[in-house]
Amino acid sequence: MKIQVKMIGPLMYEAGFSEKEIEVPAGTTADSLMDLVKVSRQRPKIVTRNGKAVAPDEPLTEGDRIAVSPIYSGG
Amino acid sequence: MLGWTGNILRVNLTTKTYKKEAYSEEFAQTWVGGRGFASKILYDELEPGIDPLGPDNKFIVALGPLAGIPAPNTGKAVVAAKSPLTGFYGDGNLGTRVSEHLRKAGYDALIVEGKADRPTMLYIEDDKVEFLPAGEVWGQGTYAANDWIYGKYGKGVGVLNIGQGGENLNRYAVVRSLEGRAGGRPGMGAVMGSKLLKAVVVKGTRPIPQADGPGMKALGQGDLKKVQQIDKEMGWSVQSTTGVLSFCNEVAGLPVRNFRKTHHPDAWKIDGERLNNARIATYGCPNCTMRCGITIHDKEGRESELDYENIGLLGANLEIFDLPQVGSLNYLCDEYGLDTMSAGCVLGFYADAIDHGATDGDFKFGDAERAKELLRLAAHREGKVGNLLADGSLRMARAFGRGSEAYAMQVKGLEVAAYNCKFIPGQALAYGVAAIGAHHREAWIITFEIKHTTRESYGPEKAAKVIELQRIRGGMFEFIVACRFPWIELGWSLDNYPKYFKATTGLDWTLDDMWTRADRIYALIKLHFLREFPRVTRQADYPPAVWFDPANADTDGPIAGKHLEADKYDGLLQHYYDQRGYDRRGIPTKATLEKLGLGREAAAAEAYAKLS
């Protein structure tokens, strides 16, 4: 299925891209997506799905917009 | 006393006299420094009701026991006074070499009283204080003034100065230092201007008394390198604070069009990636490990040092999605010495008020050229519009009427930060109960709300989180005086700070000891508020009304149809009061004040209003 993935802040340099549409297998979760975009599962981050927080094991769906951000703390 | 110099320099501009005053160890250990020293001194020495722009106000520069010590991010100073914007205690914190120099000159704080008879520069070198004429640079911006000072003294001095904004008593004029450092949002620059004080220049040559100087030096310098390395590995300073813009846009927390909207398809044009791509230089505070001052060429080709708040409020909030133009607006604020955050909110409010027919005027969202002109008018109090803008959004709203106060984005008169809390209740609380008026500096809990709780919740855990962060951000870092970024952005352990504190003062304090001081200072600043506004109600701790308005809810995106709910917010606020030991007005009870050792201060407040 096709999803939109946005990498925020320094994570874009880790993943090697800022924003792109990618094809992922059905059943991909937020956590398994990290393996696909080469971001460590252990790295502190917040993953959102269509603007809302998503649990690491939640299956994604076609057309989702996933954003992966470092944990900002308001400066 | 070790760690503290034990002395305050008191200067009177009216009489052109000065005095080195010793303070007690008890004062040092009760109030520590920075915000603690400033709030206590002003509480004891200012009569409630004085004009913040009159000669009875006092301008304070207050340092902490870590100021001037080489350790992560200690090159900071607190500036404080009664605020001409909010009408009660106000302060700010900025990176400056005054931090190190004033400590080496032998002082932990500077108190400036009275009013000069002509534009003046204070020059402090160890025990010497000179009242020098500054007429040559009065009327000039902070960059020109800084160059003039460096021309006289070289760069081996600490400098605080003001621009035209402070000189013309713009209520959100700030104090400036170095390339693009600024602080004192609630008009600390205007207080300097009201005293005809253009600049404070300090040179200190003596060692700072410490319990374990060599140990602290080794520890501090080692840790400076460690934190730098962490930043390199995490890559935080590649986009610095502006990295958060994309996050805010994703989760519908970006200020757009005077906070009416929460996201925008053009936000990417002014995001952290674009900022890094446009970088020509990077500046930071003394002893910084992760310099956040990403500098670009603005539209006019000048160097402009940008961070998220500037870009959020002068860019997205005004629907100016053009990075060089945002750079120009930021440059002008720095040049004139205006708070970029309040300037962005004031301009946003002005455009919105015109849009909604609350006032006549000529300013549309997206018009960067007109925004530049308006900043010039506001900094110089030029004409009707300039004077209006110079007074801040709350006074503007009161002048306009027509319900415009609902969308003047401020709390207690201080404009909000670049986080749109239309549907982020805990952060709205953080704005509501920040000590000096709306500020994100004191508590920022947006990730906690989105990731660890839910946005829908108004539960006591959110109030607890705000208090936890206030103790650290608005408390410890503001009285020990160091920048919180290594901890908050890179995960540098809080346990390091009692270590530095012990190496320099010899005192074995725990973090709980720090929180006690933080709670005491928060309670005292509330007493400042009570004495100025004896008829205070809990409404003073509410965020802007527009966030509660269903008609203002987003029509699309992740929070479509959602907004704050007043009865639920009130419940959240009550959780905060209950956990703090404050009464229904948000004022510390007598029992709480006693527990915090504020018995005498409570008695001084009771002359003006009842305590519960």
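Because the structure is a prediction, the values reported are computed rather than measured.

Rules used in this analysis
- Residues numbered from 1 in each chain as written.
- Chains lettered and ligands numbered in written order.
- Predicted model: local features only at pLDDT ≥ 70, side-chain atom pairs only at ≥ 80, totals over all residues.
- Helix = DSSP H or I, 4+ residues; strand = E, 2+ residues; numbered from the N terminus.
- Rg over C-alpha atoms; globule rule 2.2 N^0.38 Å.
- Buried ≥ 20, exposed ≤ 12 C-beta atoms within 10 Å, placed from the backbone.
- Contact = placed C-beta atoms within 7 Å.
- Nonpolar A, V, L, I, M, F, W, Y, C, P; charged D, E, K, R; others polar.
- Pairing = 2+ DSSP bridges.
- pLDDT = per-residue confidence, 0-100.
- Domains from an automatic or database assignment.
- Axes fitted to C-alpha atoms, helices over the stretch in contact; angles between N-to-C directions.
- Parallel < 35°, antiparallel > 145°, perpendicular 65-115°, else oblique.
- Left-handed = near helix turned anticlockwise from the far one by under 90°.
- Core = buried A, V, L, I, M, F, W, Y, C linked by C-beta atoms within 7 Å.

## What to know about the overall build of chain B
- Of the regular secondary structure elements, chain B holds 25 helices and 17 strands.
- Computed over C-alpha atoms, the radius of gyration of chain B comes to 22 Å, within 12% of the 25 Å expected from 2.2 N^0.38 for 612 residues, which places it in the range of a compact globule.
- Its C-alpha atoms put chain B at 60 × 55 × 50 Å along the principal axes.
- The burial tally for chain B puts 61% of its 612 residues in the buried class.
- In chain B, 71% of the contacts between residues at least 6 apart in sequence involve partners at least 24 apart.

## Observations regarding the overall build of chain A
- Along the backbone of chain A there are two helices and five strands.
- When the helices and strands of chain A are listed from N to C terminus, the series reads β-α-β-α-β-β-β.
- Against the 2.2 N^0.38 benchmark of 11 Å for 75 residues, chain A shows a C-alpha radius of gyration of 11 Å, consistent with a compact globule.
- Overall, chain A is about 35 × 25 × 20 Å in size when its C-alpha atoms are taken along their principal axes.
- Of all 75 residues assigned to chain A, the portion counted as buried reaches 35%.
- Taking contacts inside chain A between residues at least 6 apart in sequence as the whole, the part at least 24 apart equals 60%.

## Considerations on the interface of chain A and chain B
- Each partner contributes to the interface: chain A provides 21 residues, whereas chain B provides 26 residues.
- Of all the elements, strand β5 (residues 65–70) of chain A adds the most residues to the side of chain A that touches chain B, at three residues.
- A class-by-class count of the residues in the side of chain A that touches chain B yields 10 nonpolar, nine polar and two charged.

## Observations concerning the environment of Glu442 of chain B
Residues and elements named next belong to chain B.
- Tracing the backbone through its elements, the reader meets Glu442 in the loop between α17 (425–433) and α18 (446–452).
- Taking C-alpha positions, Glu442 is 29 Å from Leu197, a pair spaced 245 residues apart along the chain.
- Other than its neighbours up to four places away in sequence, Glu442 contacts Ala430, Ala434, Ala435, Gln470, Arg473 and Gly474.

## Some remarks on the pairing of β5 of chain A
Residues and elements named next belong to chain A.
- The buried count for β5 comes to five of six residues, which makes it a mostly enclosed element.
- As judged from the four bridges shared by strand β1 (residues 2–7) and β5, these two strands associate in the parallel manner. Note on β5: the bridge partner recorded for Lys6 is Ala67.
- Relative to β5, strand β3 (residues 45–49) is paired through five bridges, and the arrangement is antiparallel. Bridging across to β5, Arg49 finds its partner in Ile66.

## Section: the sheet that holds β1 of chain A
- One open sheet holds the five strands; their spatial order is β2-β1-β5-β3-β4 (chain A), and the pairing between them is mixed. Where the open sheet ends on each side, the last strands, each with one partner, are β2 (19–23) and β4 (52–53) of chain A.

## Here's the deal with the confidence of the model for chain B
- Summarising the model, chain B shows a mean pLDDT of 97, and 100% of its residues fall at 70 or more.
- Taken together, the chains of this predicted complex give a pTM of 0.98 and an interface ipTM of 0.97.

## Overview of unusual backbone geometry
- A positive phi is found at Asn50 of chain A, a non-glycine position, where the angle reads about 55°.
- Of note in the backbone geometry, Leu169 of chain B takes a positive phi value of approximately 60° without being a glycine.
- Position of Leu169 of chain B among the secondary structure elements: in the loop between α5 (164–167) and β10 (175–177).
- Take Leu169 of chain B: there are 19 C-beta atoms within 10 Å of it, and that puts it in the partly exposed class.

## Concerning the environment of Ile521 of chain B
All names here are of chain B.
- Tracing the backbone shows Ile521 in helix α22 (residues 511–532).
- Counting along the chain gives 67 residues from Ile521 to Thr454, while the straight-line C-alpha distance between them is 31 Å.
- Those residues within four positions of Ile521 in sequence are excluded, and the remaining contacts are Arg35, Gly36, Ser39, Gly475 and Phe479.

## Some details on the environment of Pro214 of chain B
Residue and element names in this part refer to chain B.
- By the element assignment, Pro214 lies in helix α7 (residues 213–234).
- A count of 9 C-beta atoms within 10 Å places Pro214 in the exposed class.
- Separated by 35 residues in the primary sequence, Pro214 and Glu179 have C-alpha atoms spaced 31 Å apart.

## Let's talk about the domain arrangement of chain B
Residue and element names in this part refer to chain B.
- What the domain assignment reports for chain B is domain 1 (7–203), domain 2 (237–419) and domain 3 (421–612).
- The C-alpha-based centres of domain 1 and domain 3 are spaced at 26 Å.
- Facing 31 residues of domain 1, the contacting portion of domain 3 comprises 27 residues.
- Only α2 (34–45), β4 (76–82) and β5 (89–95) provide two or more residues apiece to the side of domain 1 that touches domain 3.
- Counting residues per element, the side of domain 1 that touches domain 3 draws most heavily on α2, at six residues.

## Some words on the packing of helix α13 (residues 340–355) of chain B against helix α16 (residues 393–400) of chain B
Residue and element names in this part refer to chain B.
- Viewed as axis vectors pointing N to C, α13 and α16 meet at an angle of 20°, and their least axial separation amounts to 10 Å. One finds that α13 runs roughly parallel with respect to α16. Once α13 is placed against α16, the crossing between them reads as right-handed. On α16, the residues touching Cys345, Val346, Phe349, Tyr350 and Ala353 of α13 are Ser393, Met396 and Phe400.

## Thoughts on α17 of chain B
Residues and elements named next belong to chain B.
- Summarising burial for α17: nine of the nine residues are buried, a large majority.
- Within the sequence span of α17, burial applies to Pro425, Gly426, Gln427, Ala428, Leu429, Ala430, Tyr431, Gly432 and Val433.
- For α17, the elements touching its buried residues are β16 (410–411), α18, α19 (460–481) and α23 (566–580).

## Thoughts on the packing of helix α14 (residues 368–380) of chain B against helix α15 (residues 383–390) of chain B
Residues and elements named next belong to chain B.
- α15 packs onto α14 with a crossing angle of 75° between their chain directions and a minimal axis gap of 7 Å. The angle between α14 and α15 falls in the class roughly perpendicular. Here α14 contributes Leu374, Leu377, Ala378 and His380 to the contact with α15, which in turn contributes Gly383, Val385, Gly386, Leu389 and Ala390.
- The residue inventory of the contact of α14 with α15, partitioned by class, reads six nonpolar, three polar and no charged.

## Examining helix α21 (residues 496–505) of chain B
Residue and element names in this part refer to chain B.
- When α21 is considered as a whole, its buried residues turn out to be Tyr497, Tyr500, Phe501, Ala503, Thr504 and Thr505.
- In this fold, the buried residues of α21 make contact with α7 and α19.
- A positive backbone phi angle near 85° is found at Gly506, which sits one or two residues after α21.

## Comments concerning the sheet that holds strand β14 (residues 293–297) of chain B
Residue and element names in this part refer to chain B.
- Spatial ordering of the open sheet is given by β13-β14-β15, a layout of three strands whose pairing is antiparallel. The strands lining the two open edges of the sheet, one partner per strand, are β13 (281–283) and β15 (303–306). On average, each strand axis in the sheet is inclined to that of its neighbour by 35°, with strand direction left out of account.
- With three bridges connecting them, β13 and β14 associate as antiparallel partners. Paired with Ala281 across the strands is Thr295, a residue of β14.
- Packed onto the sheet, helix α12 (residues 323–336) meets β14 and β15 and runs at close to 90° relative to β15.

## Remarks on the nonpolar core
- Membership of the largest hydrophobic core comes to 219 residues, with the highest contact counts inside it found for Ile60, Val61 and Leu375 of chain B.
- Not counting residues within four places of it along the chain, the set of residues in contact with Ile60 of chain B comprises Ala38, Ile41, Leu42, Val79, Ala80, Ala81, Ala109, Leu110 and Ile111 of chain B.

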